[in-house]
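# Chains, contacts and geometry: an overview
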Amino acid sequence: VCQRPLPLAIFLRSVLGCVQFGYLDVVPLWAIASEGAGGLNFQEMEVGTMLLAAGAVQFLFTMWAMARVVNRLGLRRAFICGCAF
């Protein structure tokens, strides 16, 4: 058990912020970059479709599955699992 939870909470929030930054900013830039630059050479519509599909899956999970996961695992374990996956 952590004796000083505030620094740990700040650290975890920072890590989650970096993950969100990567998802929302870096992934679309990588997807739209040319193959010569190491990207996927997607068109803007393909990147939008990819982000729309990811958002839809996240919405569905949040609406129907997250409460069940939290009730089954508890808030702390659910948070740890969420950070791991």
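Please refer to the structure higher up on the page.
Since the model is a prediction, treat every value here as computed from it, not as a measurement.

Scoring rules and cut-offs
Residues numbered from 1 in each chain as written. Predicted model: local features only at pLDDT ≥ 70, side-chain atom pairs only at ≥ 80, totals over all residues. Heavy atoms only, no water. Helix = DSSP H or I, 4+ residues; strand = E, 2+ residues; numbered from the N terminus. Rg over C-alpha atoms; globule rule 2.2 N^0.38 Å. Buried < 20%, exposed > 50% of the residue type's maximum accessible area, 1.4 Å probe, protein only. Contact = heavy atoms within 4.5 Å. Areas by Shrake-Rupley, 256 points an atom, 1.4 Å probe, with all protein chains shown as cover. Patch = residues over 30% accessible without salt bridge, like charges linked within 9 Å, V, L, I, M, F, W, Y side chains within 5 Å. Salt bridge = Lys/Arg side-chain N within 4 Å of Asp/Glu carboxyl O. Phe/Tyr/Trp six-rings, centres within 6.5 Å; stacked < 30°, edge-to-face > 60°. Axes fitted to C-alpha atoms, helices over the stretch in contact; angles between N-to-C directions. Left-handed = near helix turned anticlockwise from the far one by under 90°. Polar contact = N/O pair within 3.5 Å; in protein donor to acceptor, adjacent residues only side chain to side chain.

Per the secondary structure count, the protein includes three helices and zero strands. Counting helices and strands in the order they occur from the N terminus, the protein gives α-α-α. Here the C-alpha radius of gyration of the protein, 17 Å, is well above what a compact globule of 85 residues would show, namely 12 Å. With respect to the principal axes defined by its C-alpha atoms, the protein has extents near 50 × 30 × 15 Å. Considering the protein as a whole, with its 85 residues, one finds that 7% of them fall into the buried category. Residue pairs in contact within the protein that sit at least 24 positions apart in sequence constitute 19% of those at least 6 positions apart. Summing over all exposed atoms, the protein offers an accessible surface of approximately 7200 Å²; the carbon and sulfur share of this is 69%.

Before going further, it helps to examine a nonpolar patch on the surface. On the surface, Leu8, Phe11, Val15 and Val19 cluster together into a nonpolar patch covering about 350 Å² of accessible area. Among the secondary structure elements, Val15 is positioned in helix α1 (residues 5-32).

In this section: the packing of aromatic side chains. Following the criterion strictly, the structure yields one aromatic pair and no others. Geometrically, the ring pair formed by Phe59 and Trp64 is edge-to-face, given 6.5 Å between the ring centres and 85° between the ring planes. Look at Trp64 and you get exposed, because its relative accessible area is 53%.

All right, on to the packing of α1 against helix α2 (residues 44-73) then. Contact pair α1 / α2: the axes reach a minimum separation of 10 Å and the direction vectors enclose 145°. Of the two possible hands of crossing, α1 and α2 adopt the one that is right-handed. Across from Tyr23, Val27, Pro28, Ala31 and Ile32 in α1, the residues of α2 making contact are Glu44, Val47, Met50, Leu51, Ala54 and Gly55.

The next subject is the environment of Glu46. Mapped onto the secondary structure, Glu46 falls in helix α2. Sequence spacing of Glu46 and Ala31 is 15 residues, and the spatial spacing of their C-alpha atoms is 8.9 Å. Of the polar contacts made by the side chain of Glu46, one reaches the backbone nitrogen of Gln43; its length is 2.7 Å.

Purely geometric stuff here, so don't read any function into it on its own.
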